[in-house]
Structures are given as C-alpha cells and as structure tokens.
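Read off the chains here:
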Amino acid sequence: MAKELWKGNEVIAEAAIRAGCDCYFGYPITPQSEVPEYMSVHMPKHGRIFVQAESEVAAINMVYGAAACGLRAMTTSSSPGISLMQEGISYIAGSRLPAVIVNCMRGGPGLGTIQPSQADYYQSTRGGGHGDYRTIVLAPSNIQELADFVQEAFDIADYYRNPVMIAVDGMIGQILEPIEWRPVKRRELPPKDWATTGKRGRKTPNLVTSLFMDPEDCDRMNQLMGENLKRIEENETRYEAIGCDDAEIILVAYGTPARIIISVLDELRTQGIKAGLFRPISLWPFPEKPLHDYVAKDNVKLVLDVEMSLGQMIDDVRLAIKGKKPVHFYGRAGGIVPTVEEIIEAAKKALKEAK
Amino acid sequence: MKASELFQNRINIITGHFGTGKTEFAVNLALSFAAEGLKTAIADLDIVNLYFRSRERRSILEDAGIRVICSSQQHEHADLPSLPADIMTLFEDRSYKVVLDLGGDPSGARVIARFLPRIQREDSRLFYVFNASRPEIATIDSAEEYLRRIEDVTGLECGGIINNTHLCEYTRAEDVLAGEEAAIRLSEKTGIPFICSVAWKRLLPTLSGNAFPLFPIEILMKKPWEVER
C-alpha cells in the first residue's frame, strides 16, 4: 500500500477505528484535540459511538461503563486531563477491565503549557491513581509506531484485562509523517464472559465492581491482579538498542528525545565518541534486564538519561543499573524540546566528568 | 517563472487542510516575493495549528526584509484566537505585496471572514493548497468538499489550486506528478484554475520539462531531529 501523510493525532483516532474501537469518549484539550475531532467525524460513519463528555472525569467513567459491557472503549487526553482521569483508571484496573487511554503529554505541572513534555512518566508508570495496579505503558517515538501500537493496545488490554496507556509527547501528536497501514500482531483473545451483557443464558448476572465487602476477597483480587502484572512483566517488555554493543556512553531516552538522539549518535561517532541509544518502548513494564546487561559490559563508562522533564524515568534507569555505572541526566521541562547540540554537549560533559 | 508572475494579485490568501504544507508554501512565497525586491508582508492567521506556524520562522522572514504579523503576538506559544490590529495595515497600505497564511481547516479559515468587506475592495485571491497524500482530502470529492467548506466560512471564492503533494523527506518526483494530475482533475471539476506544483528544490532536476509551472521551495520548518549536514 502506498504511504500516506498522517498527523499523529489523526493516526491515534484512525488506528483505534481499525482496531475495532466501539466507543470513544473524550474531551478536547491541546495538543490532542484532533483526536476527538477526527472521531466525531469518522466514528458515526462506522456505526460506532462518539461522545464528547462534559469533562475528563465523565469521559473515563464512560469508558469504565462501556468496558464493563464488554465493548472496546477508548479515551484520549493531555496531561491535566489525564490527571483528572486517574480515579477512573484506578476503578477500571480494580474492576479488571480492558481500556485504552492515550496521553499526549504537555508541559506541567498545573495548566503548564501546550508544548510537548514527558513529565507524566510517574503518573503513567506508577499507577497514577490509588491502589496496587499498574497500567501497561507503550511509548512510540514515530507516527508509524503510533499507528501500530494503538491498534495493538486494544488486544493487549483485552488479553490481560488491564488498562493500556499510550504515552506520547505533544510533538508526536502534532507532527505529520508518511506511514502505511500494515497488519499488526493480533492475539488469540479469551471470551469476555465476565461482561455485563444481560442474564440471558446465565443463572446469575455478571457483576463488575471494584468494591469488596470482605477484605479477604479484596486481597484475593489483588493477588490475582499481581500475578497478572507479573505475567505482563515477563511477556510485554519492549525496547530498542542502537549502537549499544561497543558504546562507551549509553543514552537512555524514549519518544521524541530518543528520535533526536539518533541524530546525536551520528554526530558523536563522527567526533570519535562511541555512543549508543537504549530506548525503552514499554515504560511499564520497564526493560530492566536488557538495559542492565548492556550497561554492565566493560565498554560502557556511563549512562546519560535524557528526558523532557526534570528526570522521572531516571529512577527506573538507576534501579535497572543497580549502581554499576554512573547515571548522568539532561532534561528540559515545561514544553521545551532539547536540541541535538544540547544533548551532544551534555554527553561530552558527562564523559569529561567521568575521566 | 517568477513568483510575481504566478501570483499576480496583491493579497494572496493561502488556505488548505492542515498538513498540506500550506504554511511552508506561504513562507516560501513571501521569501520569493522579497527576493524579487517587492515590499512584502506575511500575516500568520493560523489559530488552529500549534507547533508549526509561520511565526516560528520570524527571524528568517525578517532578515529577508519581510514584515511579519502574527495572531496572539504577545503570546507566540499560546493557542489564543486573537488577531492583531496591525493586520489592517495590509489592507490599507497598498505598497505591500501580501501573503495571508490561514488556519488549517474551515474553522481556522473563519478568522478571515471579519475582514471580508476590506478584502473584497482589494486586489486579492484565495488559493487552495492541495496534497494528495493527505487521506482526509485525497479524493477529488473530499478535496472539493473541503474547499467548498472553506469558501462557505470565509465568504471568498477560491481563485486557484496549488498542488503541494508531498511525503516530507520521502517525496519523490512521481508523488508530485501524481498529485498534479489529481489537482488538475480537481481544477476541471470545480472550474478553479490550476496554478502550479510546489516542489522541493532538490526534486527540480527530475521535474524539468514539466508542462505546468513549478514553484520551488526550501523546507524551513525542521523537526527537532532534523539537522543540517
């Protein structure tokens, strides 16, 4: 199929439609408003549901309701809106329901800016809401990956009965790139025999809830959820490593900064500095072991973590590396995208300090 | 062919779906006018797109002697739908050759409607930038529907179709030519004249001998990972 020029936010919407998303609930917020805009035009054409909710709190609870009925439901927002959704995401996870949530991150805290950011790493990977849950977090760094991952996300969510978040910075929502719609990996999915589809053919109605009257029952549910999360950690870790085998410095980054670092690597290597990029694609589960194994090798002097935040993923990087090598940091916050030159300087400075 | 021969009106209003490359074209058009020695102004009236607007190339434009007028001038990074008062200069001072860069959809184009009585008194023309690689307007029918919606909200009749079919850095000459063919079909269907095809300067050698005019451009709006080599 010929390549077409798509905007990131349009791709999020179209990929969801192609993955069989039955219902979209959302509320406009920059820099992702093209998603609800596209959905409002195209979902009805496919006989599907589009609702512009009165708020993000309403949108995520509509997702909760639709998911409980066994439908493929999705919402999208940007940082402040995702903060508002955290309670609902906790309920969805606590009720063991699948859902797809896209966060097109912008500068924070508070209202912040409308420019791209990665300062929602904590709230994405640490659960964000209350309770012992985790969301599976995928971080595409180009529009083709975005198209693939959003489609896959619906299967992953259904397979594990767990919310999946696609975390991109606003840049990825706003840029246009040529992509092709290629088939993505489809999974054999279990029947949704827990869904509240009415009592027909059943003795007792299905009940979807995150409320337990007996703490033993709640503990049991948590243990089951914990086992499920372990299974996710074992099977869903994704990463990409470029030039890490002979690197003296490994740069760790995801999303837009990872993309910028590909240009940084070329420049550093022409200057005689062997640099590599380790790019976590799943932010949770974090690719702990592969990162550890690359960094532990003798050729690696140090690690430079680069983020569009004050440093959040760096915690996971440090945990993975277990103190084996020094971890340096370079970050811009509030909506500023680091430049190729800035990262080159940071890498050189870190290497100088290491000597 | 000189830019001022292709674009003979004093005020050139550039519109089209977001992602057609309309802003890149508008910026290049203004630079071409200035290079011909014309007293040039560009007004960025894009209140719809956020990250890639002509105001972001303000210094390149101003270095070329072009007057730059932006929406929400005091807050370049905000998405405030405010219009600057000095846009009136462009209607009143007829010594300016003007490029108006409108927002990337019918709602973005709406901002021009309030100037309609002024525009109608001036020597002006609305141009529709077409990109056959953009799925939302890839068919002749969808492209025409979009064009008509822009005409409806602006109250202006479209006076020219510009083929800007591209796939960013992956654009090949055949993409430009396939887009040109579609743009000409759109022109035939709507009766709106086809003006030219836009092409990156590096593609010009392979496109030489093209039956229709070519407007060469340089890409000025780089993505953060695109570095000069």
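Residues numbered from 1 in each chain as written. Chains lettered and ligands numbered in written order. Predicted model: local features only at pLDDT ≥ 70, side-chain atom pairs only at ≥ 80, totals over all residues. Heavy atoms only, no water.

Asker: Quick rundown of the state of the cysteines? Include the residues and the values.
Answerer: Covalent bonding between the sulfur atoms of two cysteines is what defines a disulfide. Residue and element names in this part refer to chain A. One pass over the full model with this rule turns up zero disulfides over all chains. Left unpaired, C23 is separated from the closest cysteine sulfur, that of C21, by 6.6 Å. This cysteine, C104, is not joined by any disulfide, and C21 carries the nearest cysteine sulfur, 17 Å off. (Disulfide = S-S within 2.5 Å.)

Asker: Describe in detail the interface of chain A and chain B, supporting the description with residues and values.
Answerer: Of the residues lining the interface, 30 residues belong to chain A; the matching set on chain B comes to 25 residues. Buried area between chain A and chain B, both sides added, is near 2,400 Å², and the carbon and sulfur share of it is 62%. Here chain A and chain B share one salt bridge between them. Taking the shortest distance from any N to any O, the salt bridge between R134 of chain B and E10 of chain A comes out at 2.8 Å. Counting every contact that joins chain A to chain B gives six residue pairs in polar contact (both at pLDDT 80 or more). Elements with a minimum of two residues in the side of chain A that touches chain B: β1 (4-7), α2 (34-42), α7 (170-174), β8 (176-179) and α9 (255-270) of chain A. Per element, the largest residue contribution to the side of chain A that touches chain B is six residues, and it comes from α9 of chain A. (Contact = heavy atoms within 4.5 Å. Buried area = accessible area lost by both parts, 1.4 Å probe. Salt bridge = Lys/Arg side-chain N within 4 Å of Asp/Glu carboxyl O. Polar contact = N/O pair within 3.5 Å; in protein donor to acceptor, adjacent residues only side chain to side chain. Helix = DSSP H or I, 4+ residues; strand = E, 2+ residues; numbered from the N terminus.)

Asker: Would you mind going over the pattern of salt bridges in detail, with residue names and values included?
Answerer: Here the structure, examined in full by the defined rule, presents 36 salt bridges over all chains. Its salt-bridge partner being R259 of chain A, residue E177 of chain A comes within 2.3 Å of it at the nearest N-O pair. In this pair, E177 of chain A is assigned in strand β8 and R259 of chain A in helix α9, connecting sequence segments 82 residues apart. Taking relative accessible area as the criterion, E177 of chain A reaches 7% and is therefore assigned buried. When the shortest N-O distance is used, the salt bridge between R67 of chain B and D86 of chain B registers 3.8 Å. (Buried < 20%, exposed > 50% of the residue type's maximum accessible area, 1.4 Å probe, protein only.)

Asker: Just give me the short version of the sheet that holds strand β7 (residues 163-169) of chain A, but keep the residues and values in it.
Answerer: Residue and element names in this part refer to chain A. Read across the open sheet, the seven strands follow the order β3-β2-β4-β5-β7-β6-β12; overall the sheet is mixed. Edge positions in the sheet fall to β3 (49-52) and β12 (282-284), since each has one partner strand and no second. Adjacent strand axes in the sheet meet at a mean angle of 20° when their direction is disregarded. (Pairing = 2+ DSSP bridges. Axes fitted to C-alpha atoms, helices over the stretch in contact; angles between N-to-C directions.)

Asker: Quick rundown of empty space enclosed by the protein? Include the residues and the values.
Answerer: Over the atoms, a rolling probe the size of a water molecule traces out where space has been left empty. Residues and elements named next belong to chain A. Within the structure shown, the criterion is met by two cavities of 30 Å³ or more. The computed volume of the largest cavity comes to approximately 50 Å³. In this structure, the largest cavity is lined by L71, R72, A73, P98, A99, V100, F154, A157, D158 and K192. If you list the elements that add at least two residues to the lining of the largest cavity, you get β5 (99-105) and α6 (143-160). Ranked by the residues each element gives to the lining of the largest cavity, the list is headed by α6, at three residues. (1 Å grid on protein atoms, 1.4 Å probe; cavity = no way out; pocket = protein on both sides within 12 Å on 5 of 7 lines; lining within 4 Å. Points joined across faces, edges and corners; volume = space filled by probe spheres on them.)

Asker: Can you lay out the domain arrangement of chain A for me, pointing to particular residues and giving the numbers?
Answerer: All names here are of chain A. Each domain of chain A was delimited in the assignment, giving domain 1 (4-235) and domain 2 (240-354). Domain 1 and domain 2 are separated by 29 Å when their C-alpha centres are compared. When domain 1 packs against domain 2, the two sides together hide about 2,400 Å² of surface, and 53% of this comes from carbon and sulfur. Taken together, domain 1 and domain 2 are joined by three salt bridges. Joining domain 1 to domain 2, the criterion identifies 17 residue pairs in polar contact (both at pLDDT 80 or more). For the side of domain 1 that touches domain 2, the secondary-structure elements that each account for two or more residues are α5 (121-125), β6 (136-138), α6, β7, α7 and α8 (215-235). Classifying every residue of the side of domain 1 that touches domain 2 by side-chain character gives 17 nonpolar, nine polar and seven charged. (Domains from an automatic or database assignment. Nonpolar A, V, L, I, M, F, W, Y, C, P; charged D, E, K, R; others polar.)

Asker: Can you break down the packing of aromatic side chains residue by residue, with the values?
Answerer: Two descriptors summarise a pair of aromatic rings, namely the distance from one centre to the other and the angle between the planes of the rings. Residue and element names in this part refer to chain A. Taken as a whole, this structure holds 14 aromatic pairs over all chains when the rule is applied. For the ring pair Y24 and F50, a centre distance of 5.9 Å and an interplane angle of 5° mean the geometry is stacked. Here F50 lies in strand β3 and Y24 lies in strand β2 (residues 23-26), a separation of 26 residues in the sequence. Ring geometry for Y239 versus F278: centroids 5.2 Å apart, planes at 15°, classification stacked. (Phe/Tyr/Trp six-rings, centres within 6.5 Å; stacked < 30°, edge-to-face > 60°.)

Asker: I'd like a description of the pairing of strand β2 (residues 40-45) of chain B, backed by residues and values.
Answerer: All names here are of chain B. The buried fraction of β2 is high, at six of six residues. Note that β2 and strand β4 (residues 97-102) share six bridges and pair parallel. Note on β4: the bridge partner recorded for L45 is L102. Sheet topology places β2 next to strand β3 (residues 67-70); four bridges connect them, and they run parallel. Residue pairing in the sheet places I42 in a bridge with V68 of β3.

Asker: Give a description of the sheet that holds strand β11 (residues 275-280) of chain A that names residues and reports values.
Answerer: Residues and elements named next belong to chain A. Strand order in the open sheet formed by five strands is β9-β11-β10-β13-β14, and the pairing between neighbours is mixed. Unpaired on one side and paired on the other, β9 (239-242) and β14 (327-331) mark the two borders of the sheet. Strand after strand, the sheet turns through a mean of 20° between neighbouring axes, direction not considered. The sheet contact formed by β9 and β11 spans four bridges and is antiparallel. The partner of E240 across the bridge, within β11, is R279.

Asker: Give me the packing of helix α10 (residues 288-296) of chain A against helix α11 (residues 314-321) of chain A: which residues, what numbers.
Answerer: All names here are of chain A. Two numbers describe how α10 lies on α11: the axes approach to 8 Å, and their chain directions differ by 65°. Relative to α11, the crossing made by α10 is right-handed. Where α10 abuts α11, its residues E288, L291, H292 and V295 lie against V317, L319, A320 and I321. Partitioned by chemical class, the residues of the contact of α10 with α11 number six nonpolar, one polar and one charged. (Left-handed = near helix turned anticlockwise from the far one by under 90°.)

Asker: So what's going on with the pairing of strand β10 (residues 249-252) of chain A? Residues and values would help.
Answerer: Residues and elements named next belong to chain A. Every second residue of β10 is oriented toward a common face, with I249 and L251 on one face and I250 and V252 on the other, all of them buried. When β10 meets β11, the two strands line up parallel, connected through four bridges. The partner of I249 across the bridge, within β11, is A275. Handedness of the crossover joining β10 and β11 through α9 is recorded here as right-handed. As paired strands, β10 and strand β13 (residues 302-307) are joined by four bridges and run parallel to one another. Opposite L251, over in β13, you have L304 as the bridge partner. (Right-handed = clockwise from strand over helix to strand, strands pointing away.)

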